[in-house]
Amino acid sequence: VRIARFTTGDGASFGVVEGEDEADLSIRRLEGHPFAPFQLTDDVVALADARLLAPVLPSKVVAVGRNYAEHAKEMGNADPTTEPPIVFIKPSTSVVGPGDAVQYPVGISEEVSYEGELAVVIVRLCREVPPSRVRDVVLGFTCANDVTARDLQRSESQWGRAKGFDTFCPLGPWVSTDVDPADLAITTTVNGELKQAGRTSQMVRSIDELVSHISMAMTLLPGDVILTGTPAGVGPLAVGDQVSVTIEQVGTLTNRVVARG
Ligand code: MG
């Protein structure tokens, strides 16, 4: 099932995306929210007549750095298999949805980079989850772009500002619930040009290990999002660019880059 959050102009609803033909999808509104058993309604709209929103509104986005060895290498970092995972928070206010603008903080950063990532969406309040139980606390998976002001990341020992600007966490287009995340292709394009091409099987730590590790430190809430790291091939974005993250069996998240007003 693909669970989207959408609006047709008045308020936001969750719905289930229906249809196989990418050009002819529709959304069936569901009653309430997807973090508990839900009822489908008779209210169906064409995807073309709706605007997709960020598929969840997380209380926090917990992200993991250097979870693909080739990316750690391209950044000049030590072998990540020998160190504990780097965990950092992107604020909830950095989240935007598919089609929304990424605002380039002109005058503050001169090097903003994309990072295509698989995002895990948590379905229930949980803490101290053993790896073998992680599946029980996951609603599904979506695409994320861990947008990063690379120059600030280099010059500041904490990454909160470099990765925490408003609009620096596009999520979407929806949450796919029936996906085995073990070995999915993940690609990033800028203006149609392929920049990143990895597979989730290249992760240093598995999703089960990462979610368990994070839950040992902090309670996770329904709708919270875990970013699982980016493959090799990161690079700069410019104002006017269109950046897309595609994950096999999930979908494509596209955003354009604008100068922050
Ligand atoms: Mg990242």
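The structure under discussion appears in the preceding block.
Description of the structure in this document.

1. Focus on the pattern of salt bridges
Alright, step 1. Scanning the entire structure with this criterion turns up 17 salt bridges.
Alright, step 2. One salt bridge connects Glu115 with Arg150, and the closest N-O pair in it is separated by 2.8 Å. Of this pair, Glu115 sits in the loop between strand S10 (112-114) and strand S11 (116-122) while Arg150 sits in helix H2 (residues 150-155); the two residues are 35 residues apart in sequence, bridging distant segments of the chain.
Alright, step 3. A relative accessible area of 5% places Glu115 in the buried class.
Alright, step 4. Two residues, Asp183 and Arg199, come together in a salt bridge whose shortest N-O distance is 2.8 Å.

2. What to know about the coordination of the magnesium ion
Alright, step 1. Within the protein, the magnesium ion binds to Glu115 (OE), Glu117 (OE) and Asp146 (OD); these donor distances fall in the range 2.0 to 2.1 Å.
Alright, step 2. Counting the intervening residues between successive donors of the magnesium ion yields the motif E-x1-E-x28-D. Neither Glu115 nor Glu117 differs from the other in exposure class; each is buried.

3. Focus on the packing of aromatic side chains
Alright, step 1. Scanning the entire structure with this criterion turns up 3 aromatic pairs.
Alright, step 2. Measuring from centroid to centroid gives 6.2 Å for Phe14 and Phe35, while their planes differ by 85°, and the two rings are edge-to-face. Of the two residues, Phe14 sits in strand S2 (residues 13-18) while Phe35 sits in the loop between strand S3 (26-31) and strand S4 (39-46), which places them 21 residues apart along the sequence.
Alright, step 3. Seen from the ring of Trp174, Arg2 lies directly overhead, with NZ or CZ sitting 5.6 Å from the centre.

4. Side note on the sheet that holds strand S20 (residues 251-259)
Alright, step 1. Taken in spatial order, the 5 strands make up an open sheet running S9-S20-S19-S15-S16, and their pairing is mixed. Both outer strands of the open sheet, strand S9 (101-104) and strand S16 (193-199), are each paired with one neighbouring strand and no more. Going from strand to strand, the sheet's axes swing by 20° on average, the running direction of each strand aside.
Alright, step 2. Where strand S15 (residues 185-190) meets strand S19 (residues 242-247), 5 bridges bridge the pair, whose relative direction is antiparallel. In the strand pairing of S19, Val190 is matched with Val243.

5. A word on the nonpolar core
Alright, step 1. Counting residues in each nonpolar core, the largest one holds 27 residues, and the members touching the most others are Phe141, Val211, Leu220 and Ile226.
Alright, step 2. Where this core is concerned, the elements lending two or more residues are strand S6 (61-65), S11, strand S12 (138-145), helix H3 (207-215) and S19.
Alright, step 3. Residue contributions to this core peak at 4 residues, all from H3.
Alright, step 4. With sequence-adjacent residues up to four places away left out, Val211 is seen in contact with Val120, Ile122, Val134, Val137, Leu220 and Ile226.
Alright, step 5. Core analysis: the next-biggest nonpolar cluster, separate from the first, contains 21 residues, Ile3, Ala63, Val121 and Leu139 among them.

6. Structural notes on the pairing of S3
Alright, step 1. Examined bridge by bridge, S2 and S3 share 4 bridges and lie antiparallel to one another. Looking at the pairing, Gly15 lines up with Arg29 of S3.
Alright, step 2. Where S3 and S4 come together, 5 bridges link them in antiparallel fashion. If you follow Ile27 over to S4, its bridge partner there is Val45.

7. Considering the sheet that holds strand S13 (residues 148-149)
To summarise the sheet geometry, strands pair through backbone hydrogen bonds and adopt either a parallel or an antiparallel arrangement.
Alright, step 1. With antiparallel pairing, the 3 strands of this open sheet are ordered in space as S13-S10-S18. Two strands bound the open sheet, and with one partner strand each, they are S13 and strand S18 (235-237).
Alright, step 2. Relative to S18, S10 is paired through 3 bridges, and the arrangement is antiparallel. Across the sheet, the residue bridging to Ser113 is Pro236, located in S18.

8. Description of a negative patch on the surface
Alright, step 1. Taken together, the side chains of Glu20, Asp21, Glu22 and Asp24 make up a negatively charged region of the molecular surface.
Alright, step 2. With respect to the helices and strands, the residue Glu22 is situated in the loop between S2 and S3.
Alright, step 3. Residue Glu22 is classed as exposed on the basis of its relative accessible area, which comes to 55%.

Rules of the game
Residues numbered from 1 in each chain as written. Predicted model: local features only at pLDDT ≥ 70, side-chain atom pairs only at ≥ 80, totals over all residues. Heavy atoms only, no water. Salt bridge = Lys/Arg side-chain N within 4 Å of Asp/Glu carboxyl O. Helix = DSSP H or I, 4+ residues; strand = E, 2+ residues; numbered from the N terminus. Buried < 20%, exposed > 50% of the residue type's maximum accessible area, 1.4 Å probe, protein only. Donors = N, O, S within 2.8 Å, 3.2 Å for Na, K, Ca; no water. Phe/Tyr/Trp six-rings, centres within 6.5 Å; stacked < 30°, edge-to-face > 60°. Lys NZ or Arg CZ within 6 Å of the ring centre and 35° of its normal. Pairing = 2+ DSSP bridges. Axes fitted to C-alpha atoms, helices over the stretch in contact; angles between N-to-C directions. Core = buried A, V, L, I, M, F, W, Y, C linked by side-chain atoms within 4.5 Å. Contact = heavy atoms within 4.5 Å. Patch = residues over 30% accessible without salt bridge, like charges linked within 9 Å, V, L, I, M, F, W, Y side chains within 5 Å. Areas by Shrake-Rupley, 256 points an atom, 1.4 Å probe, with all protein chains shown as cover. Lys, Arg positive; Asp, Glu negative; His and termini not counted. Charge placed at Lys NZ, Arg CZ, Asp CG, Glu CD.

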